[in-house]
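# Remarks on the overall topology
Here is how the chains run, residue by residue.
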Amino acid sequence: VSADKIYELILQGPRGERPRQGEKAVALCRRAWRVVHRLYPDQFDRAVPNPWDGVTKQPRTKKAKAAVTRELVYRFAWGCIENGQPGAAAAAVICFEWLQRPENILAGYIRWTDYRSGDWPNAIKIEHHKTGAVVWHPLEEMTDAGPVKFYEEAERILAQLPRLGVPMILREVRKGVTKPYSFSGMQKIIQTMRNKIGLPATFTLDACRHGGMTELEEAE
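To start, this report covers the structure provided alongside it. No experiment lies behind these values; they were computed from the predicted model shown. (Residues numbered from 1 in each chain as written. Predicted model: local features only at pLDDT ≥ 70, side-chain atom pairs only at ≥ 80, totals over all residues. Heavy atoms only, no water.)

Bringing the side chain of Gln100 into the picture now. One can find Gln100 in the loop between helix H4 (86–98) and helix H5 (102–106). Of the polar contacts made by the side chain of Gln100, one reaches the backbone oxygen of Trp98; its length is 2.7 Å. Contact partners of Gln100, with chain neighbours within four places excluded, come to Ile94, Cys95, Ile105, Ile110, Ile126, Glu127 and Arg209. (Helix = DSSP H or I, 4+ residues; strand = E, 2+ residues; numbered from the N terminus. Polar contact = N/O pair within 3.5 Å; in protein donor to acceptor, adjacent residues only side chain to side chain. Contact = heavy atoms within 4.5 Å.)

Encoded structure:
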């Protein structure tokens, strides 16, 4: 009963119900109860189960994330190349193919030293979105017929990207001076390019990443 009352208090926010916050609170409290129970079993009544397991939560409709297809990603990327925006092209492709978060790409997490380096000439270093593990992801495989590239079109896009510094995605503010893109600045470029190329308003870098995740899931 106490757990239900706490949930109801969290559910009622200053601007109305907030079911997502309520769900998060229940999940955290349920986990905390289990951890403390395991560490200090003598402090718990064995006849009393975890009260957070039975909390009745307010149902909510979860919004489906927008996802774009491979065809749209590369239509956008080549359109950006033609219009002098290789940074936006590369960002979209990196989000889609290697499932990298847009904010990490713009912050310089993807570097030229992570791509076909001297020690790893056939790989790119990426962070897995679910586990946080950093791995050298293969870009090609050697066969009897020669090397087979897994991301040939993506690498053609990266080949159009000027090397302005260690991070892949940089903008030149003046001759010899570069800076990372701001998130809002890149968003404006994405909006301008998608309008010029004729893509839907749902086309964003996050939708590119989600599209890559969707393709991966469907391919099992």
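A few words on the pattern of salt bridges. Summed over all chains, the structure comprises eight salt bridges. As a salt-bridge pair, Arg70 and Glu97 come within 2.7 Å of each other at their nearest N and O atoms. Of this pair, Arg70 sits in helix H3 (residues 70–82) while Glu97 is found in helix H4, placing the two residues 27 residues apart along the sequence. With a relative accessible area of 33%, Arg70 lands in the partly exposed category. Classification of Glu97 as buried rests on a relative accessible area of 11%. (Salt bridge = Lys/Arg side-chain N within 4 Å of Asp/Glu carboxyl O. Buried < 20%, exposed > 50% of the residue type's maximum accessible area, 1.4 Å probe, protein only.)

Bringing the nonpolar core into the picture now. One finds Phe76, Trp98, Met168, Ile169 and Met186 to be the most contacted residues of the largest nonpolar core, which totals 44 residues. Every element with two or more residues in this core is listed here: H3, H4, H5, strand E3 (123–127), helix H6 (152–158), helix H7 (183–197) and helix H8 (205–218). Counting residues per element, this core draws most heavily on H4, which supplies 10 residues. Residues in contact with Met168, not counting those within four places in the same chain, are Ile94, Ile110, Arg111, Trp112, Tyr115, Leu158 and Leu161. Membership of the second largest hydrophobic core comes to six residues, among which are Ala3, Val26, Trp52 and Val55. (Core = buried A, V, L, I, M, F, W, Y, C linked by side-chain atoms within 4.5 Å.)

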